[in-house]
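# Architecture at a glance
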Amino acid sequence: MAVGAGTQGQEIENTWRRYLSNFKMYLKLERRMADNTVESYLQDVTHLQRFALEQGVMPNQVTLDFLRLFLTDINETCVAVTTQKRIIAGIRSFYQQLVIEDDLSENPAELLDTPKIPSHLPDVLTDSDVDAIQATFDLSKPDQARNATIVEVLYGCGLRVSELCNLRLSNLFVDEEALHVIGKGDKERWVPINSHALRMLTTYIFTIRSHVSPLPGEEVYVFLNRRGKHLTRQFVNKFLNEAVQRAGIHKHVSPHSLRHTFATELVQNGADLRAVQVMLGHASISTTEIYTHLTPQYIRETIECYHPHYRKK
């Protein structure tokens, strides 16, 4: 039953407000969270507060079944799964604080199932697709020659776009034909770079980048724009999408598609999955398995090659 404007409704609203105020102080003083993080947690719990007020439910009356109804409600309003996961994390922390303060004996969100994020794989490009994208760049123009180099490095080394944008001149080891990459969580790894990509990269550095005046603090980065600042992920995504359209490729392509294609090419051509894991910088091999999109034809050929009954006539 929805809460009206009466005394009971006002009492429930005031109780929620008081509990949220206490939660805010707990996050700031006990958990020592930054202001932005605190506001994010409060916003997460506010979703539940609105639903509970509509149902006339106090914060200490919320049960596991009620939380499941709440999840059904936000799911039907098309809240993204990643957002749902974050909201649940905020609610768990909210009720954990109530348990700590002895306002509740147990956390009703403790056993709440977290929705699984569907593994949407990006479209896989073919080698011909990459050639078609590269053919759209006019290499006589400095910016486009730089962009062609970026595509080649992303495709040839399997870098994350953030890793490419943050690539420094000191990370390039020409004699060893390798890049020293700083990945997620500041984890370091060495990535081989093929001779074609290395040649494009060194040509860009010595014939194009050398004519750009870096802004203070930007001189360390490999890829710069005309104003002397290092590139952003958004910029790389934009020029790549434009190139894909010019090439007439009808796939959803992002910089991550080049990384995904890099892994797919390696696995389908026989590379060891753990070697691919190291090159991609994945902490878990299960993450690498998500990137390895195996076609039905490849799977069939593998079974036919290795399963004894497939060799029977």
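Reading the values: the criteria
Residues numbered from 1 in each chain as written. Predicted model: local features only at pLDDT ≥ 70, side-chain atom pairs only at ≥ 80, totals over all residues. Heavy atoms only, no water. Axes fitted to C-alpha atoms, helices over the stretch in contact; angles between N-to-C directions. Helix = DSSP H or I, 4+ residues; strand = E, 2+ residues; numbered from the N terminus. Parallel < 35°, antiparallel > 145°, perpendicular 65-115°, else oblique. Left-handed = near helix turned anticlockwise from the far one by under 90°. Contact = heavy atoms within 4.5 Å. Nonpolar A, V, L, I, M, F, W, Y, C, P; charged D, E, K, R; others polar. Patch = residues over 30% accessible without salt bridge, like charges linked within 9 Å, V, L, I, M, F, W, Y side chains within 5 Å. Areas by Shrake-Rupley, 256 points an atom, 1.4 Å probe, with all protein chains shown as cover. Salt bridge = Lys/Arg side-chain N within 4 Å of Asp/Glu carboxyl O. Lys, Arg positive; Asp, Glu negative; His and termini not counted. Charge placed at Lys NZ, Arg CZ, Asp CG, Glu CD. Buried < 20%, exposed > 50% of the residue type's maximum accessible area, 1.4 Å probe, protein only. Arc of directions from axis to C-beta. Core = buried A, V, L, I, M, F, W, Y, C linked by side-chain atoms within 4.5 Å. Expected span 1.5 Å × (residues − 1). Phe/Tyr/Trp six-rings, centres within 6.5 Å; stacked < 30°, edge-to-face > 60°. Pairing = 2+ DSSP bridges.

The N-to-C vectors of helix α5 (residues 127-135) and helix α6 (residues 142-157) enclose an angle of 160°; their axes lie 10 Å apart at closest approach. With respect to each other, α5 and α6 are oriented roughly antiparallel. Here the hand of the crossing between α5 and α6 comes out right-handed. Contacts between α5 and α6 pair D127, V130 and Q134 from the former with A148, V151, E152 and Y155 from the latter. When grouped by side-chain class, the residues that make up the contact of α5 with α6 number 4 nonpolar, 1 polar and 2 charged.

A cluster of acidic residues, E30, E101, D102 and D103, forms a negative patch at the surface. Within the fold, D102 resides in the loop between α4 (81-100) and α5.

Spacing of three or four residues puts side chains on the same side of an α-helix, whose turn is 3.6 residues. Listing the buried residues of helix α11 (residues 273-280) in full gives V276, Q277, M279 and L280. Down the axis of α11, the smallest arc covering the buried residues is 165°, so these residues share one side. Opposite the buried face of α11, at more than 90 degrees from it, the exposed residues are R274 and V278.

A word on the nonpolar core. Generally speaking, nonpolar side chains in soluble globular proteins are found buried as a group. Of all hydrophobic cores here, the largest spans 43 residues; its most connected members are L159 and L179. Breaking this core down by element, the ones donating at least two residues are α5, α6, α7 (161-165), β2 (178-182), α8 (195-207) and α9 (233-247). The element that contributes the greatest number of residues to this core is α6, accounting for 8 residues. Residues within four places of L179 in sequence aside, it is in contact with V153, C157, L159, L167, N171, L172, R189, W190, V191, I193 and L201. M33, V45, V57 and L67 belong to the second-largest nonpolar core, a separate cluster that totals 32 residues.

Taking 1.5 Å as the rise per residue, α4 with 20 residues should run 28 Å; its terminal C-alpha atoms sit 29 Å apart, in good agreement. For α4, the complete set of buried residues consists of Q84, I87, I88, G90, I91, S93, F94, Y95, Q97 and L98. Two residues or fewer after α4 comes D102, characterised by a positive phi angle close to 65°.

Now for the packing of aromatic side chains. Scanning the entire structure with this criterion turns up 10 aromatic pairs. Ring centres of F51 and F66 lie 5.2 Å apart, and the angle between their planes is 50°; this geometry places the pair in the tilted category. With F51 in helix α2 (residues 35-55) and F66 in helix α3 (residues 64-76), the pair connects residues that are 15 residues apart, well separated along the chain. Just as F51 is buried, F66 falls in that class too. A ring pair is formed by F137 and F239, whose centres lie 6.1 Å apart and whose planes are at 70°; its orientation type is edge-to-face. Pair noted here: F137 is in the loop between α5 and α6 and F239 is in helix α9, with a separation of 102 residues, a long-range link. For the pair F137 and F239, one class covers both residues: buried. Members of the aromatic cluster, each reached through a chain of ring pairs, are W16, F23, Y26, F94 and Y95.

With burial as the criterion, only one face of strand β3 (residues 188-192) is covered, namely that bearing R189 and V191; the residues E188, W190 and P192 on the opposite face remain uncovered. Alignment of β2 against β3, held across 5 bridges, turns out to be antiparallel. Its bridge partner being in β3, I182 is matched across the sheet by E188. Linking two consecutive strands that pair antiparallel, namely β2 and β3, is a turn of 5 residues; a positive phi of about 65° is found at G185 within it.

Backbone-to-backbone hydrogen bonds join strands into a sheet, with any given pair of strands oriented parallel or antiparallel. Here 3 strands make up an open sheet; going across it, the order is β1-β2-β3 and the pairing antiparallel. Bordering the open sheet on either side are β1 (172-173) and β3, each of which pairs with just one other strand.

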